[in-house]
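Below are the chains, spelled out letter by letter.
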Amino acid sequence: MNPNLNQLQAYPFARLRLATEGISPPDGATPIPLHIGEPKHPTPKIITDALTANIDKLSVYPATAGLPELKQACAEWLHRRYDGLTVNAQTEVLPVLGSREALFSFVQTVINAAADKQPIVVCPNPFYQIYEGAALLAGARVVFANCNAPRFLPNWADISEADWQQTQLVFVCSPNNPSGAVMNQQEWAELFALQDQYGFIIASDECYSEIYFDQKPLGALQAAAQLGRGFDKLVMFTSLSKRSNAPGLRSGFVAGDAKLLEAFLLYRTYHGSAMSLPIQYASMAAWQDEQHVEENRRLYREKFAAILPILAETFEIQQPDASFYIWLKVPGGNDLAFTQTLWREAAIQVLPGRFLGRDTANGNAGMGYVRIALVAPLEQCIAAAHKIVGCAKNLTV
Ligand SMILES: Cc1ncc(COP(=O)(O)O)c(C=O)c1O
């Protein structure tokens with residue numbers, strides 16, 4: 001067995017199941033699942049139509065590199081979305097099977113475990129759990145940069161000079177899961193300055209980039225271009241899961257440094273992660289259409305507009321920059337007890353922030369917060385918000 005497997009922790013949802021085992025919700029109450037960030041709006045017909053129209057292509061082995069037309073569609077989308085950003089469709093774009101597997105396999109491609117000193121991967125804390133698992137399985141050590149109030153973005157000062165020297169890869173997640181915070185130009189400039197100093201690769205996870213309210217989130221490649229930089233050692237990851245309500249399609253792409261993508265393609269060729277052709281055609285249709293994305297944003301905006309004022313009665317709360325999450329500060333600070341109370345008293349499932357974070361010398365920045373995913377239908381989200389307020393008022397934890 002790979003000994004690195006022993007370092008992996010149980011996934012947050014498994015920990016949540018354990019934490020609520022033996023707690024019964026009220027009799028007859030229908031559970032309201034707000035713990036998992038799984039989009040629930042319907043998958044647009046243009047996607048399902050393109051999928052079925054191309055179903056005969058299941059008879060063909062797809063190439064790992066993806067169809068040139070799909071790569072072109074992705075590059076054109078980047079161009080429209082990021083104010084004229086120009087990427088080479090054939091060398092700077094690679095289709096992947098959703099961002100999860102790509103975030104994982106990219107780490108296996110780029111980490112050099114045979115370096116003189118054990119490689120370090122820097123992760124935000126709290127964070128999307130794949131970053132840590134991928135790093136550990138690649139033989140790296142993970143060092144965390146806490147995301148604390150008020151910005152909820154990584155505090156790079158948490159990383160010591162000695163650790164920076166060993167850092168091969170830094171993960172950023174903007175818009176951030178769980179806080180929804182978006183890195184601005186100044187924050188990118190600071191990270192690029194560190195990159196120039198220490199030479200690490202940046203993996204920018206941007207799968208929530210299309211779920212925003214007012215301002216389109218800045219992307220990593222866009223920030224680099226605006227600062228007059230190339231894409232050296234910079235790769236962004238995106239997907240159709242949230243943008244197009246198609247988490248089951250398993251489709252996304254990575255874009256950026258052509259040399260890194262060449263190595264990544266080689267890795268993926270052996271790993272066996274080519275996208276099936278019907279999915280490639282459905283993905284093309286999705287990347288070429290913005291109307292369904294605007295409608296999707298409208299639905300999330302409607303939910304936030306209805307729910308934030310209800311929660312604001314009791315909680316210190318503000319609209320996130322982007323994403324469909326509310327990162328809610330728990331009165332009294334016990335996120336785990338509050339999660340259990342919500343389940344016991346209201347059949348509401350949320351995720352305790354501590355399960356998304358790790359203990360560090362500066363604490364676990366997930367502690368004291370719960371993550372609420374506004375993925376359920378509007379009426380259910382409103383009902384849940386009232387119940388959450390009720391539970392907070394009775395809070396004895
Ligand atoms: C921050 C973040 N990155 C990546 C993913 C992976 O999404 P997908 O593989 O569906 O693109 C998720 C899914 O919830 C996520 O929250």
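Bear in mind the structure is a predicted one, so any value in this text is a computation, not a measurement.

Draft legend 1. Inspection of the overall build of the chain at higher detail. Counting its secondary structure elements, the chain contains 14 helices and twelve strands. Computed over the C-alpha atoms, the radius of gyration of the chain is 21 Å, within 12% of the 21 Å expected from 2.2 N^0.38 for a compact globule of 397 residues. Its C-alpha atoms give the chain principal-axis dimensions of about 55 × 55 × 45 Å. Taken over 397 residues, the chain has a buried fraction of 56%. Of the side-chain charges in the chain, 31 are positive and 37 negative, and the distance between the mean point of each set is 3 Å.

Draft legend 2. Region of interest: unusual backbone geometry. Residues Ser 174 and Pro 175 are joined by a peptide bond in cis, for which omega reads 0°. By the secondary structure assignment, Pro 175 is in the loop between strand S5 (167-173) and helix H7 (185-198). In this structure, the amide linkage connecting Asn 177 to the following residue, Pro 178, adopts the cis form with an omega of 20°. Structurally, Pro 178 can be placed in the loop between S5 and H7. Positive phi is not limited to glycine here, since Arg 250 has a value of about 55°. The topology assignment puts Arg 250 in the loop between helix H9 (240-243) and strand S8 (252-256).

Draft legend 3. Inspection of the sheet that holds strand S9 (residues 325-329) at higher detail. Strand order in the open sheet formed by three strands is S9-S12-S11, and the pairing between neighbours is antiparallel. Because the sheet does not close on itself, it has two edges, and the strands there are S9 and strand S11 (351-352). Here S9 runs beside strand S12 (residues 369-373); their pairing, made up of five bridges, is antiparallel. Looking at S12, one finds that Trp 327 is bridged to Arg 371.

Draft legend 4. Region of the structure containing the packing of helix H4 (residues 99-110) against helix H10 (residues 258-271). Between H4 and H10, the shortest axis-to-axis distance is 9 Å and the interhelical angle comes to 105°. On the basis of the axis angle, H4 is roughly perpendicular to H10. Across the interface between the two elements, Glu 101, Ala 102, Ser 105, Phe 106, Gln 108, Thr 109 and Val 110 from H4 touch Leu 260, Ala 263, Phe 264, Tyr 267 and Arg 268 from H10.

Draft legend 5. Representation of the packing of aromatic side chains within the structure. Considering all chains together, one arrives at 22 aromatic pairs under this definition. Their ring planes at 80° and their centres at 5.5 Å tell us that Phe 106 and Phe 237 sit as a pair that is edge-to-face. Taken together, the residues Phe 106 in helix H4 and Phe 237 in strand S7 (residues 234-239) connect sequence positions 131 residues apart. Phe 237 matches Phe 106 in its accessibility class, with the two residues each being buried. Ring centres of Phe 152 and Tyr 369 lie 5.6 Å apart, and the angle between their planes is 80°; this geometry places the pair in the edge-to-face category.

Draft legend 6. Spotlight on the nonpolar core. With 53 residues, the main nonpolar core has Leu 78, Trp 156, Trp 164, Trp 188, Leu 191 and Phe 253 as its most contacted residues. Judged by nonpolar contacts, the second largest core, of 31 residues, contains Ala 102, Ala 134, Ala 135 and Ala 140.

Scoring rules and cut-offs
- Residues numbered from 1 in each chain as written.
- Predicted model: local features only at pLDDT ≥ 70, side-chain atom pairs only at ≥ 80, totals over all residues.
- Heavy atoms only, no water.
- Helix = DSSP H or I, 4+ residues; strand = E, 2+ residues; numbered from the N terminus.
- Rg over C-alpha atoms; globule rule 2.2 N^0.38 Å.
- Buried < 20%, exposed > 50% of the residue type's maximum accessible area, 1.4 Å probe, protein only.
- Lys, Arg positive; Asp, Glu negative; His and termini not counted.
- Charge placed at Lys NZ, Arg CZ, Asp CG, Glu CD.
- Pairing = 2+ DSSP bridges.
- Axes fitted to C-alpha atoms, helices over the stretch in contact; angles between N-to-C directions.
- Parallel < 35°, antiparallel > 145°, perpendicular 65-115°, else oblique.
- Contact = heavy atoms within 4.5 Å.
- Phe/Tyr/Trp six-rings, centres within 6.5 Å; stacked < 30°, edge-to-face > 60°.
- Core = buried A, V, L, I, M, F, W, Y, C linked by side-chain atoms within 4.5 Å.

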